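Below, each chain spelled out in residue letters.
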Amino acid sequence: MASSDVTGRLLSAGALRDDRNLFTKHNTYRVGISPVQGRRRLAPSRRIGQLTARCLASSISPTSSSSSMLSFPSGDESAQSTKCVLVVGATGGVGQLVVAALIDRGYKTCVVVRDTNKAASVFGETNMDKMQVFVGDTRNMGGIEPAAWEGVTHVICCTGTTAFPSKRWDGDNTPENTDWHGVRNLIDSVPKSVQRFVLVSSVGVTKFNQLPWNIMNLFGVLKYKKMGEEYLCKSGIPFTIIRAGRLTDGPYTSYDLNTLLKATAGTRRCVVLGQGDKLVGEVSRIVVAEACIQALDIQCTCGNIYEINSVEGDGPGTDNKKWEILFTEACPS
Ligand SMILES: NC(=O)c1ccc[n+]([C@@H]2O[C@H](COP(=O)([O-])OP(=O)(O)OC[C@H]3O[C@@H](n4cnc5c(N)ncnc54)[C@H](OP(=O)(O)O)[C@@H]3O)[C@@H](O)[C@H]2O)c1
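In this text, all values refer to a predicted model and were calculated from it rather than measured experimentally.

## Focus on unusual backbone geometry
Thought 1: Here L211 and P212 are connected by a cis peptide whose omega angle stands at -5°.
Thought 2: Following the sequence through the fold, P212 ends up in the loop between β5 (196–202) and α6 (213–216).
Thought 3: Unusually for a residue other than glycine, D277 sits at a positive phi of about 60°.
Thought 4: Relative to the elements of secondary structure, D277 occurs in the loop between β8 (270–274) and β9 (282–284).

## Concerning the nonpolar core
Thought 1: V98, V111, I242, V288 and C292 are the most contacted members of the largest nonpolar core, which has 76 residues in total.
Thought 2: Take this core: its biggest share by element is 9 residues, from helix α9 (residues 285–297).
Thought 3: V98 has contacts with V87, I156, C158, A289, C292 and I293, leaving out every residue within four places of it along the chain.

## Section: the site of the ligand
Thought 1: In the vicinity of the ligand, 26 residues are found, and the nearest of them are G89, G92, G93, V94 and G160.
Thought 2: Only α3 (93–104), α5 (175–189), β5 and β7 (246–248) provide two or more residues apiece to the shell around the ligand.
Thought 3: Of all the elements, α3 adds the most residues to the shell around the ligand, at 3 residues.
Thought 4: Here the residues of the shell around the ligand sort into 6 nonpolar, 13 polar and 7 charged.

## Re helix α7 (residues 221–233)
Given 3.6 residues per turn, any residue in an α-helix points the same way as the ones three and four places further on.
Thought 1: Along its 13 residues, α7 runs 18 Å from first to last C-alpha, staying within 8% of the 18 Å computed at 1.5 Å per residue.
Thought 2: Looking at α7, one finds that the buried residues are V221, L222, Y224, K225, K226, G228, E229 and L232.
Thought 3: For α7, the elements touching its buried residues are α5, β5, α6 and β6 (239–244).

## Observations concerning the confidence of the model for the protein
Thought 1: Confidence in the prediction for the protein averages 75 pLDDT; 69% of positions are at 70 or higher.
Thought 2: Confidence drops under a pLDDT of 50 for residues 1–71, and excluding neighbours within four residues, the segment shows 144 contacts in the predicted structure.

## Here's the deal with the packing of α5 against α7
Each pair of packed helices can be described by the angle between their axes along with the distance between the axes.
Thought 1: Where α5 contacts α7, the axes come no closer than 8 Å and their chain directions differ by 10°. Put simply, α5 runs roughly parallel to α7. When α5 is examined against α7, the residues P175, E176, D179, W180, V183, R184 and I187 are found in contact with a partner set consisting of V221, Y224, K225, M227, G228, Y231 and L232.
Thought 2: Broken down by class, the residue content of the contact of α5 with α7 amounts to 9 nonpolar, 1 polar and 4 charged.

## As for the pairing of strand β2 (residues 108–113)
Thought 1: The element β2 is largely enclosed, with a buried count of 6 among its 6 residues.
Thought 2: Neither face of β2 is exposed, since K108, C110 and V112 on one face and T109, V111 and V113 on the opposite face are all buried.
Thought 3: In the sheet, strand β1 (residues 84–88) pairs with β2 via 5 bridges, with the strands oriented parallel. The residue bridging V87 from the neighbouring strand is V111, located in β2.
Thought 4: Remark: the β1/α3/β2 crossover connection has right-handed handedness.
Thought 5: With 4 bridges joining them, β2 and strand β3 (residues 132–135) adopt parallel strand pairing. Directly across from V112, in β3, lies its bridge partner F134.
Thought 6: Since β2 and β3 lie parallel, the crossover through helix α4 (residues 116–123) that links them has a hand, and here it is right-handed.

What counts, and where the lines are drawn
Residues numbered from 1 in each chain as written. Predicted model: local features only at pLDDT ≥ 70, side-chain atom pairs only at ≥ 80, totals over all residues. Helix = DSSP H or I, 4+ residues; strand = E, 2+ residues; numbered from the N terminus. Core = buried A, V, L, I, M, F, W, Y, C linked by C-beta atoms within 7 Å. Buried ≥ 20, exposed ≤ 12 C-beta atoms within 10 Å, placed from the backbone. Contact = placed C-beta atoms within 7 Å. Near = placed C-beta within 6 Å. Nonpolar A, V, L, I, M, F, W, Y, C, P; charged D, E, K, R; others polar. Expected span 1.5 Å × (residues − 1). pLDDT = per-residue confidence, 0-100. Axes fitted to C-alpha atoms, helices over the stretch in contact; angles between N-to-C directions. Parallel < 35°, antiparallel > 145°, perpendicular 65-115°, else oblique. Pairing = 2+ DSSP bridges. Right-handed = clockwise from strand over helix to strand, strands pointing away.

Dropping the structure here:
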């Protein structure tokens, strides 16, 4: 994708717009909490801003995130207003780029996050008004409560954890629990009305017993991602799976525009798509995020699994026709 496109758009954050009418239809909120934790539900008539205030009031001071927020592009609410996309793993490296681009293009956007403080920090408190926010942990879900899916037409799942033990495994957030049980729980909760479920997975999932993949798979990450993939393929839900190469660009843990500019100004924008798990290499998180969004609108991606890399050169940017050609050519005739 056009790294420069994204950079440009994100840099246009100076033109931030506090668009509180983005979700005229979807202005009700529910906070789905796992059965383990008990259920909490906000009054259904509350607007986004009120939800945000209510979620955050106890823990975030009005200025606590203002200096560290990832700035947002302005939104075009007319462009894609018929779609409502639920992003799971929204505060992650790929997820935050997906969310920013969706809002920029006028998609109604819902996010599932584990931590509203982190979400406010990543997106900026004022930008929380541009999306519906659900709190949930896919490991415990047993399904987001059904009413929370109201209006959702598409899902992009970017959840994940580290392949090897790290602080991110705290609370038993292991690959088995995140990439398998979590993904399965999420799939189980998807209503039949959802038109596409895009899952971010990884190259190498079919080769987790072979060198060098078996090293990456020491704690099962590739095996469990494959199990999640297979569960989705058998679910009957229209799906697209994007298997990423080694991710570059971000995650954006230092949320300021200068860092973002550096991280997105790369020249590896040329997109390489493959099938059959033969591709090995790197891919920009920006490209992965773009591929997920493009897949929502490109019919031939339905029911397909793609590996993705990005290499030196110009890419398709946000051009839907160019992406359609790439996705079409990646599939055997
Ligand atoms: N790193 C690589 O080189 C590489 C290569 C191929 C594929 N991938 C895969 O690509 C995907 C995106 O990568 P990324 O770098 O964007 O990931 P990331 O930054 O680690 O983000 C992962 C997201 O998943 C969320 N999450 C984790 N456990 C969760 C749970 N139990 N319930 C709900 N949400 C949960 C995290 O929430 P918090 O923000 O609250 O932590 C975070 O938002 C992942 O599946 C990753 O495994 C990565």
